[in-house]
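# Structure at a glance
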Amino acid sequence: DPQAHPSLDLTFAALSEQHRHLLQRAAEMADARGLKVYLVGGAVRDLLLYQWGRQPLPDLERLDLDLVVDGPYPLRGDGADPTGWGLILGQALQQHFPEARLEIHGKFQTAALIWPGGVCVDIASARTEFYPYPASPPEVAMGSIQQDLYRRDFSINALALRLNGPQRGQLLDFFGGQADLRQGLIRVLHPNSFVEDPTRIYRAVRFAVRLGFRLDSSTEERLRAAVASGLHDAVGGDRLKQELAYILGSRDWPTAFQQLSEWGALRCIHPDLEWDPSLRQRLQRVGYWATHFRHRYPELGSHEIWQLRLEALLLTLPQAPQVASQLHLTQAGIERLSTYPYYQKVLAQLHPELPPSHVVELLQRLRIPAVILLAAIAPKPARRLIWRYLQEWHWVKPLLNGHDLRRLGYPPGPSFQEILDQLRYRTLDGQLTTPAEAETWLKEHFSLPQRDPQSPQLKNQSK
Ligand code: ATP
């Protein structure tokens, strides 16, 4: 039976002023409409752990709140009801907080209130989910709060805190979530959980490494059984990508991947994916290089580290671009993975004795995020050259510019670029060191046009 929770106020004292105010208003508005409103999911889990002194709260200002609303009588249950309880409360809250934007999603009209600063509250009607076949998208129907909690992934995520009415402060714990939280256990709510939704395998590892928890033994058995049953073929899409983003964006990704590999669960990404020290180093390198060069190459700023790590993970697999597109990676990401044959060609040519101009010629055809991926799979000598390219060679300019060429009497035209490239390569290789030297070299190698002013004649195109 659900037990009253004695110290709600203490729990909420940890929240930001804005969140407290919001929950207070939600409670009052639900009261006024005869609705029951609960705080559910991750926020309850994190608040309890915080209250017990087990974990610091994550970023308070950015804590996402999930509310579930239950009404005085069951809704029609076929999803056709135009105004679920959650939407009623969402709309009322939005009127009270006009600065927040109200988004309404899906057949069940889940409401999301989003404040300009990024605070986000999801408000759903209590509902129940069932899976017509394994790993299929769930069918959803309206349900009670108990059914709503039963459709969740783990007992520690299936706690609900009543926010209003006489039962305000009651913690609903139908599945032993508090005990599991205290013992540090991840437990599924029913035997078929991983089969129904294999992304839960990735969620299990995410919570295990983040919270320092372990799987309870029967949950681990079920997880291994789900993997062994070959479900990996059915996984994919946005939800798996979302979980991978969480994992690869966290500090704990190496532990998480080690664990996924031990469970055999990397097969959900690709049947050939094997976790080993070199793959781990590759992903580490991507993070290090991307962070190091981020301030010098603004283009890198728009690529999250998890995204580049995920691409590095897939890069050498057969059919990597197809896998990437199943995972809904960006078009640019899919293209970077399709460039793998060119990376191999470049790596075959990147010898330590190669003059800088050749290195630049090979690498400048790639955009910077692709260069980072290339570095991630490059052996050490090639990596040194790529590092110098990003650090200095990329930035080396020819000693003369277009303006100088015009001043010297060369008419602007398509060959300008060729001349500037040649000047740049010679500067890179140390053959030209001053603008005066560059002018002399230019006059020797590119004669000024006689009759056709459109194109200066190239005396000698070789370098
Ligand atoms: P975080 O603190 O990392 O945001 P969270 O627990 O809030 O973790 P979300 O992914 O935001 O995780 O999901 C919110 C809640 O929705 C979870 O606590 C869980 O109850 C439920 N949930 C999310 N994904 C699933 C899933 N695949 N299967 C079942 N329940 C899920």
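Residues numbered from 1 in each chain as written. Predicted model: local features only at pLDDT ≥ 70, side-chain atom pairs only at ≥ 80, totals over all residues. Heavy atoms only, no water.

So, on to the pairing of strand β6 (residues 120-125). Across a regular strand the side chains alternate sides, sitting on one face of the sheet and then on the other. Among the six residues in β6, five count as buried, and that is most of the element. When strand β3 (residues 65-70) meets β6, the two strands line up parallel, connected through five bridges. Of the residues in β6, the one forming a bridge with Val-68 is Ala-124. Inspection of the sheet shows strand β5 (residues 110-114) paired to β6 by four bridges, in the antiparallel sense. The partner of Leu-113 across the bridge, within β6, is Val-121. (Buried < 20%, exposed > 50% of the residue type's maximum accessible area, 1.4 Å probe, protein only. Helix = DSSP H or I, 4+ residues; strand = E, 2+ residues; numbered from the N terminus. Pairing = 2+ DSSP bridges.)

Two numbers describe a pair of aromatic rings. These are the distance of the centres and the angle of the planes. Applying the stated criterion across every chain, the model contains 14 aromatic pairs. Ring geometry for Trp-253 against Trp-275: centres 6.3 Å apart, planes inclined by 90°, an arrangement best described as edge-to-face. With Trp-253 in helix α11 (residues 253-263) and Trp-275 in the loop between α11 and α12 (277-293), the pair connects residues that are 22 residues apart, well separated along the chain. Trp-275 sits in the buried class, given a relative accessible area of 11%. (Phe/Tyr/Trp six-rings, centres within 6.5 Å; stacked < 30°, edge-to-face > 60°.)

Our next topic: the pattern of salt bridges. According to the stated counting rule, one finds 22 salt bridges in the structure shown. Among the salt bridges present, the one from Arg-152 reaches Asp-148, with a minimum N-O distance of 2.8 Å. A single burial state applies to Arg-152 and to Asp-148, both of which are buried. With its nearest N and O atoms 2.8 Å apart, the salt bridge here joins Arg-187 to Asp-180. Look at the salt bridges and you will find they share partners, linking Asp-153, Arg-203, Arg-206 and Glu-243 into a network. (Salt bridge = Lys/Arg side-chain N within 4 Å of Asp/Glu carboxyl O.)

The end-to-end C-alpha distance of helix α10 (residues 237-249), which contains 13 residues, comes to 18 Å, matching closely the 18 Å that a straight helix rising 1.5 Å per residue would cover. Restricting attention to buried positions, one finds in α10 the residues Gly-237, Leu-240, Lys-241, Glu-243, Leu-244, Ala-245, Ile-247 and Leu-248. In this structure, the buried residues of α10 make contact with α8 (199-211), α11, α12, α14 (305-314) and α15 (320-326). (Expected span 1.5 Å × (residues − 1). Contact = heavy atoms within 4.5 Å.)

Before going further, it helps to examine the site of the ligand. If you check the shell around the ligand, you find 18 residues, and the closest are Arg-45, Asp-197, Arg-200, Arg-206 and Arg-210. One of the side-chain nitrogen or oxygen atoms of Arg-45 is found 2.8 Å away from an oxygen atom of the ligand. Within the contact set of the ligand, an oxygen atom lies 3.0 Å away from a side-chain nitrogen or oxygen of Arg-152. Summarising the interface, the protein chains cover 78% of the accessible area of the ligand, which totals 590 Å² for the free molecule. The set of elements that each furnish at least two residues to the shell around the ligand consists of α3 (42-51), α8 and α10. In the shell around the ligand, the residues fall into two nonpolar, four polar and twelve charged. The residue makeup of the shell around the ligand includes at least three contributed by each of domain 1 (3-182) and domain 2 (193-268). (Near = heavy atom within 4 Å. Polar contact = N/O pair within 3.5 Å; in protein donor to acceptor, adjacent residues only side chain to side chain. Areas by Shrake-Rupley, 256 points an atom, 1.4 Å probe, with all protein chains shown as cover. Nonpolar A, V, L, I, M, F, W, Y, C, P; charged D, E, K, R; others polar. Domains from an automatic or database assignment.)

Let's shift gears to the packing of α10 against α11. Two elements in contact, α10 and α11, have axes separated by 7 Å at closest approach and are oriented at 130°. Between α10 and α11, the angle is such that the two are oblique. Contacts from Leu-244, Ile-247 and Leu-248 of α10 reach α11 at Trp-253, Ala-256, Phe-257 and Leu-260. Partitioned by chemical class, the residues of the contact of α10 with α11 number seven nonpolar, no polar and no charged. (Axes fitted to C-alpha atoms, helices over the stretch in contact; angles between N-to-C directions. Parallel < 35°, antiparallel > 145°, perpendicular 65-115°, else oblique.)

Buried within helix α23 (residues 435-445) are the following residues: Ala-438, Trp-441, Leu-442 and His-445. When α23 is viewed along its axis, its buried side chains cluster within an angular range of 105° and face the same direction. (Arc of directions from axis to C-beta.)

Time to look at the side chain of Asp-70. Take Asp-70: it is sitting in strand β3. There is no salt bridge for the buried Asp-70, and the closest opposite charge comes from Lys-36, which lies 4.7 Å off by N-O distance. Polar contacts involving the side chain of Asp-70 include one to the main-chain amide nitrogen of Ile-145, which spans 3.1 Å. (Lys, Arg positive; Asp, Glu negative; His and termini not counted.)

A few words now on the environment of Leu-363. Examined against the element boundaries, Leu-363 turns out to sit in helix α18 (residues 356-363). Its relative accessible area of 0% is what places Leu-363 among the buried residues. Sequence-wise, Leu-363 and Ile-386 are 23 residues apart; in three dimensions their C-alpha atoms are separated by 8.0 Å. Ignoring any residue separated from it by four or fewer positions in sequence, one finds Leu-363 in contact with Val-346, Val-371, Leu-374, Ile-386 and Tyr-389.

To continue, consider the confidence of the model for the protein chain. With 87% of its residues at a pLDDT of at least 70, the protein chain reaches an overall mean of 88. Here strand β1 (residues 3-4) stands out as the least confident element of the protein chain, with mean pLDDT 50; strand β11 (residues 185-186) is the most confident, with 98. (pLDDT = per-residue confidence, 0-100.)

What follows covers the nonpolar core. Grouped together as the largest cluster of nonpolar side chains are 126 residues, with contacts concentrated most on Leu-39, Tyr-202, Leu-314, Leu-350, Ile-386 and Leu-390. Here the element with the most residues in this core is helix α19 (residues 368-377); it accounts for nine residues. Among all residues touching Ile-386, those that are not within four sequence positions of it are Trp-289, Leu-350, Leu-363, Val-371, Leu-374, Ala-375 and Ala-378. Counting residues in hydrophobic clusters, the runner-up holds 13 residues, among them Tyr-410, Leu-420, Leu-432 and Ala-438. (Core = buried A, V, L, I, M, F, W, Y, C linked by side-chain atoms within 4.5 Å.)

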